[in-house]
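Descriptive structure summary
Listed below, chain by chain, are the residues.
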There are 2 protein chains.
Amino acid sequence: MMEQSYTIGRLAKDTGCKVQTIRYYEKVGLMPTPDRTAGNQRRYGARHIERLAFIRHGRQLGFPLEAIRQLLRLADSGEQPCDSADSIARSQLQEVESRIARLLALKAELNRMVEQCAGGQVADCRVIEVLSDHSQCLHVNHLEPEEAH
Amino acid sequence: MMEQSYTIGRLAKDTGCKVQTIRYYEKVGLMPTPDRTAGNQRRYGARHIERLAFIRHGRQLGFPLEAIRQLLRLADSGEQPCDSADSIARSQLQEVESRIARLLALKAELNRMVEQCAGGQVADCRVIEVLSDHSQCLHVNHLEPEEAH
DNA sequence: CTTGAACCTACAGTCGCTGTAGCTCCTATA
DNA sequence: TATAGGAGCTACAGCGACTGTAGGTTCAAG
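As the structure is a computational prediction, the values presented were derived from the model and not from experiment. (Residues numbered from 1 in each chain as written. Chains lettered and ligands numbered in written order. Predicted model: local features only at pLDDT ≥ 70, side-chain atom pairs only at ≥ 80, totals over all residues. Heavy atoms only, no water.)

**Remarks on the overall build of chain A**
A tally of regular secondary structure across chain A gives six helices and two strands. Every one of the 149 residues in chain A was classed for burial, and the buried ones make up 42%. At a minimum sequence separation of 6, the contacts of chain A that also span at least 24 residues come to 49%. Accessible surface for chain A amounts to roughly 8,000 Å². Of this, 49% is attributable to carbon and sulfur atoms. (Helix = DSSP H or I, 4+ residues; strand = E, 2+ residues; numbered from the N terminus. Buried < 20%, exposed > 50% of the residue type's maximum accessible area, 1.4 Å probe, protein only. Contact = heavy atoms within 4.5 Å. Areas by Shrake-Rupley, 256 points an atom, 1.4 Å probe, with all protein chains shown as cover.)

Right under this line is the structure:
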């Protein structure tokens, strides 16, 4: 009913989010469906900006979309206690802490590998050797099967 | 030509890798195609075990499959200097270090959020509030758009 | 010889986007 | 008012690294 004045491109620019990503969030039900112009283009208002900022901020904090969905539900129905939000955040914190622990072990291992590599022939390459023979490394549990990158 | 005596299931058990994953590695050209029985089942030998162990170890160290592919090429053609292997490992180390840095910033932010949440109504919930308003957090750059989990 | 666990292929789904193709719309300028 | 072109639209494929499923076949123990 108020001015729904932002195009999707404007919204994208304002929140540092790609246009396709906004449409994706709408498709998976994180963003409410906006008004459309006569020509079928989306027009957004202030609440959409807030909503998208919330989502992006949650993503930057590493929350999976499902957690963000729950947090949005909690934020919308402002009556329940915030214990739920707290426990979502706590479990995200735990996740982050365990990721850090694993990455630190990893870093130590990679350091060892790289420092021992004398730059000679592959026959003597520590990097290849360590990878070939797990017993040569300190058997920290590295990463659990996690996607790289 | 020697005893190709391991079934895919055995190989999986020995290396802590799922059967489908081994078939996947074969499909994407990381594992060499094994011999087959008359009934078309895969049979593996010692070199396959070594190869798979190399791949898994690389994955545990967080190397993407593409890096592992390069490392395997280097290991196979044992003549070239190991500078390449070294630089692959170094860039993986850098990647890991930057991930750690980002996660530490993240952890601080989540800690702040969680500690301030008094367990009251959503109206006062710090978790939701901080997510809603980026200016309330310390503007560390969090994570760059990274997939969660 | 029978049973059933393990194998086979092929393909869909996961997560969170990102990119592309092939259109239509909106708006600024001439 | 006509036109150009940037921005929007939908639908779908692709990424990485698997994982799961359906529907069938093979192997080895009893």
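**Focus on the packing of helix α1 (residues 8-15) of chain B against helix α2 (residues 19-27) of chain B**
Residues and elements named next belong to chain B. Interaxial distance between α1 and α2 falls to 8 Å at its minimum, and their mutual angle equals 105°. As judged from the angle between their axes, α1 and α2 are roughly perpendicular. Side by side, α1 and α2 meet where I8, G9, L11 and A12 of the first sit next to V19, I22 and R23 of the second. A breakdown of the residues in the contact of α1 with α2 according to their chemical character gives five nonpolar, one polar and one charged. (Axes fitted to C-alpha atoms, helices over the stretch in contact; angles between N-to-C directions. Parallel < 35°, antiparallel > 145°, perpendicular 65-115°, else oblique. Nonpolar A, V, L, I, M, F, W, Y, C, P; charged D, E, K, R; others polar.)

**Re helix α1 (residues 8-15) of chain A**
Residue and element names in this part refer to chain A. Inspection of α1 places I8, L11, A12 and T15 among the buried residues, and these make up the whole buried set. Mapping the buried residues of α1 onto a view down its axis gives an arc of 100°, with all of them on the same face. Tucked inside the fold, the buried residues of α1 contact α2 (19-27), β2 (42-43) and α3 (46-60). At the C-terminal side of α1, G16 shows a positive phi close to 65°. (Arc of directions from axis to C-beta.)

**Re the protein's contact with DNA strand C**
With respect to spatial proximity, 21 residues lie near DNA strand C, and among them Y25(A), R59(A), G9(B), R23(B) and R42(B) are the closest. A share of 85% of the atoms of DNA strand C within 4 Å of the protein falls on sugar and phosphate groups. The side chain of T37(A) places a nitrogen or oxygen atom 3.0 Å from a phosphate oxygen of DNA strand C. A distance of 2.8 Å separates a phosphate oxygen of DNA strand C from a polar side-chain atom of R59(A). Where the surface near DNA strand C is concerned, the elements lending two or more residues are α2 and α3 of chain A together with α1 of chain B. Take the surface near DNA strand C: its biggest share by element is four residues, from α2(A). Taken together, the residues of the surface near DNA strand C break down into six nonpolar, nine polar and six charged. (Near = heavy atom within 4 Å. Polar contact = N/O pair within 3.5 Å; in protein donor to acceptor, adjacent residues only side chain to side chain.)

**Details of the packing of aromatic side chains**
Residues and elements named next belong to chain A. Under the counting rule described, the total for this entry stands at two aromatic pairs over all chains. Measuring from ring centre to ring centre gives 6.0 Å for Y24 and Y25, while their planes differ by 50°; the resulting arrangement is tilted. Judged by its relative accessible area of 39%, Y24 falls in the partly exposed class. Its relative accessible area of 3% is what places Y25 among the buried residues. (Phe/Tyr/Trp six-rings, centres within 6.5 Å; stacked < 30°, edge-to-face > 60°.)

**So, the protein's contact with DNA strand D**
As a structural note, the neighbourhood of DNA strand D is formed by 21 residues, with G9(A), R23(A), R42(A), Y25(B) and R59(B) the closest of them. A breakdown of the atoms of DNA strand D within 4 Å of the protein gives sugar and phosphate a share of 85%. R23(A) is positioned such that a nitrogen or oxygen atom in its side chain is 2.5 Å from a phosphate oxygen of DNA strand D. Between R36(A) and DNA strand D, the recorded distance is 3.1 Å, taken from a side-chain N or O atom to a phosphate oxygen. Among the elements of the structure, α1 of chain A together with α2 and α3 (46-60) of chain B are those that each provide at least two residues to the surface near DNA strand D.

**So, the packing of α3(A) against helix α4 (residues 65-76) of chain A**
Residues and elements named next belong to chain A. Closest axis-to-axis distance for the α3/α4 pair is 10 Å, and the angle between their directions is 135°. By the angle between their directions, the pair α3 and α4 is classed as oblique. Two packed elements cross with a definite hand, and for α3 against α4 that hand is right-handed. Here R51, F54, I55, G58 and R59 of α3 lie close against α4, whose contacting residues are L65, I68, L71, L72 and D76. In terms of residue class, the contact of α3 with α4 is built from six nonpolar, one polar and three charged. (Left-handed = near helix turned anticlockwise from the far one by under 90°.)

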